[in-house]
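# Structural overview for review
One letter stands for each residue in the lines below.
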Amino acid sequence: MQKLPIDRILNGCCIEELKKLPDGSVELVFADPPYNLQLGEGLTRPDQSKVDGVDAEWDQFSSFKAYDDFCREWLSEARRVLKKDGALWVIGSYHNIYRLGAVLQDLGFWIHNDIVWVKSNPMPNFRGTRFTNAHETLIWAAKSEKSRVTFNYHSLKAANEDVQMRSDWTLPLCTGAERLKQDGAKLHPTQKPEALLHRIITATTKPGDVIVDPFFGTGTTGAVAKRLGRHYIGIERDQSYVLAAEQRIGAIVAPKNPEELAPLPAPRREPRVGFGQVVEAGLLAPGTKLYCPKRKYTAKVKADGSLSTPKLEGSIHKVGASLQNAPSCNGWTYWHFEERKGQFAPIDSLRQAIRSRPS
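Residues numbered from 1 in each chain as written. Predicted model: local features only at pLDDT ≥ 70, side-chain atom pairs only at ≥ 80, totals over all residues. Heavy atoms only, no water.

## A few points about the overall build of the protein chain
Secondary structure assignment for the protein chain yields eleven helices and 16 strands. Against the globule reference of 21 Å for 359 residues, the protein chain gives a C-alpha radius of gyration of 27 Å, more extended than a compact globule. Principal-axis analysis of the C-alpha atoms places the extent of the protein chain at approximately 85 × 55 × 40 Å. Burial statistics for the protein chain: of 359 residues in total, 43% are counted as buried. Looking at the protein chain alone, contacts between residues at least 24 apart form 67% of all its contacts between residues at least 6 apart. Carbon and sulfur atoms form 50% of the exposed surface of the protein chain, whose accessible area is close to 19700 Å². Mean positive and mean negative side-chain charge positions of the protein chain (49 and 41 charges, respectively) differ by 9 Å. (Helix = DSSP H or I, 4+ residues; strand = E, 2+ residues; numbered from the N terminus. Rg over C-alpha atoms; globule rule 2.2 N^0.38 Å. Buried < 20%, exposed > 50% of the residue type's maximum accessible area, 1.4 Å probe, protein only. Contact = heavy atoms within 4.5 Å. Areas by Shrake-Rupley, 256 points an atom, 1.4 Å probe, with all protein chains shown as cover. Lys, Arg positive; Asp, Glu negative; His and termini not counted. Charge placed at Lys NZ, Arg CZ, Asp CG, Glu CD.)

Here it is in structure tokens:
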């Protein structure tokens, strides 16, 4: 099998370099393609100073058809190199994202989400003729409808104050020390913030996965991938961007502890442990007294893994719910045992102790 050029930047045309990669070889494609902004003239501020916008040759196409043909070609190659459970992210503005979405669906991609990146510090609309463009749109799509893509839901929820991560992300533009410059000017006009790629990569890849970026620019994808223990393949045709990206990524120290990179596991995937197993393992002896969090209610452990009180008996969940006159109760977090004199811990810690034992 052809060896992947992982953790390298390929200097050349995105379509031609994608064609050199083997079928079904990578887990994720992240693409920040030309937006085809169709700028007819330069932008100026009210003081007549020039706005440093995107006017490079690589963002200019002769027609919508020429742009569509280009996108269809690179997206076809991107889909080919993805594994069967692989996925793609593509970012754009109102100029191109709808065209990209149509091409994605025509090629057989299956759209999971569109994400609105709300810019906390957008560029003003200097002419005052339109609403300020304060967001960009990302599309997250699987290779096919049957793909079982990676989605680290519980990691995202934990990072978001235990609330589900929404599809609107408020993040600032790339500014300050993160913005690469040359002779005092932006090196790349559309450098994306590392925070954006951090969220995408942690959400939809696992440590060790390979991410292809066909429009690598100054290497944001590669920099974040290295920091998160993933691999990258960058494709970039501008040699000055390649050199800047290589220097940027080379300065990053790769993580050494794999445990720090592992996504939070889904509770349903953890081995099922019944309270009876805790008793069977001798972690709680029959007759041990358990306490509710406020020490208002107590119950005793029975040899069969049930609990008893003067008025009722049953499972850790049923007894907890009855005492609170509640429809349900998670007994693992409700009931506590005296771990050390005067120090109490939830019985869930004993369940985790059993799960962590070698199988």
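## Points about the environment of Leu 197
Within the fold, Leu 197 resides in helix H5 (residues 194-204). Of the residues examined, Leu 197 reaches a relative accessible area of 1% and is grouped as buried. Each C-alpha atom of the pair Leu 197 and Gly 222 lies 9.5 Å from the other, and the pair is 25 residues apart in sequence. Beyond its immediate chain neighbours, meaning those up to four positions away, Leu 197 contacts Phe 30, Lys 192, Thr 220, Thr 221 and Val 224.

## What to know about the pairing of strand S4 (residues 110-119)
One ladder, built from eight bridges, connects S4 with strand S5 (residues 135-142); its direction is antiparallel. Following the sheet pairing, Val 116 is matched in S5 by Thr 137. Taken together, the four bridges between S4 and strand S6 (residues 168-171) define a ladder with parallel strand orientation. The residue bridging Val 116 from the neighbouring strand is Asp 168, located in S6. (Pairing = 2+ DSSP bridges.)

## Side note on the side chain of Asp 32
Within the secondary structure, Asp 32 sits in the loop between strand S2 (26-31) and helix H2 (64-81). On the basis of relative accessible area, Asp 32 is assigned to the buried category, the value being 13%. Within polar-contact distance, the side chain of Asp 32 engages the side chain of Tyr 35 at 3.4 Å. At a separation of 2.9 Å, a polar atom in the side chain of Asp 32 contacts the side chain of Lys 192. Excluding residues that lie within four positions of it along the chain, Asp 32 makes contacts with Ile 91, Thr 190, Lys 192 and Phe 215. (Polar contact = N/O pair within 3.5 Å; in protein donor to acceptor, adjacent residues only side chain to side chain.)

## Thoughts on the packing of H5 against helix H6 (residues 220-227)
Look at H5 against H6: their axes get within 9 Å of each other, and the N-to-C directions meet at 55°. Viewed along their axes, H5 and H6 adopt a mutual orientation that is oblique. Note on packing geometry: the crossing formed by H5 with H6 is right-handed. Mapping the contact onto sequence places Glu 194, Leu 197, His 198 and Ile 201 in H5 and Thr 220, Thr 221, Ala 223, Val 224, Ala 225 and Arg 227 in H6. Tallied by class, residues from the contact of H5 with H6 come to five nonpolar, three polar and two charged. (Axes fitted to C-alpha atoms, helices over the stretch in contact; angles between N-to-C directions. Parallel < 35°, antiparallel > 145°, perpendicular 65-115°, else oblique. Left-handed = near helix turned anticlockwise from the far one by under 90°. Nonpolar A, V, L, I, M, F, W, Y, C, P; charged D, E, K, R; others polar.)

## Things to note about the pattern of salt bridges
For the coordinates displayed, the defined rule picks out 17 salt bridges. Between Glu 16 and Lys 19 there is a salt bridge whose closest N-O contact spans 3.9 Å. Of the two residues, Glu 16 and Lys 19 are both situated in helix H1 (residues 14-19); the distance of three residues between them amounts to about one turn of the helix. Judged by relative accessible area, Glu 16 falls into the partly exposed class, the value being 43%. (Salt bridge = Lys/Arg side-chain N within 4 Å of Asp/Glu carboxyl O.)

## Quick look at the packing of aromatic side chains
As enumerated under the stated definition, the model contains twelve aromatic pairs in all. For the ring pair Phe 61 and Tyr 67, a centre distance of 5.0 Å and an interplane angle of 80° mean the geometry is edge-to-face. Tyr 67 gets classed as buried once you look at its relative accessible area, which sits at 0%. Members of the aromatic cluster, joined through ring pairs, are Phe 61, Tyr 67, Phe 70, Trp 74 and Phe 215. The positively charged end of Arg 79 is found above the aromatic ring belonging to Phe 109, 5.9 Å away from the centroid. One cation-aromatic arrangement involves Arg 295 over Phe 344; the distance from NZ or CZ to the ring centre is 3.8 Å. (Phe/Tyr/Trp six-rings, centres within 6.5 Å; stacked < 30°, edge-to-face > 60°. Lys NZ or Arg CZ within 6 Å of the ring centre and 35° of its normal.)

## With respect to unusual backbone geometry
Within the chain, Asp 7 stands out as a residue other than glycine whose phi angle is a positive 55°. By relative accessible area, Asp 7 is classed as partly exposed at 35%. Of note, Arg 295 is a non-glycine position whose phi angle comes to about 65°, a positive value. Inspection of the secondary structure puts Arg 295 in the loop between strand S11 (289-291) and strand S12 (298-301).

## Details of the side chain of Glu 27
With respect to the helices, strands and loops of the structure, Glu 27 is situated in strand S2. In this structure the side chain of Glu 27 is engaged in a polar contact, spanning 2.6 Å, whose partner is the side chain of Lys 83. At a separation of 2.8 Å, a polar atom in the side chain of Glu 27 contacts the main-chain amide nitrogen of Val 210. Not counting residues up to four positions away in its chain, the partners in contact with Glu 27 are Leu 82, Lys 83, Gly 86, Ala 87, Asp 209 and Val 210.

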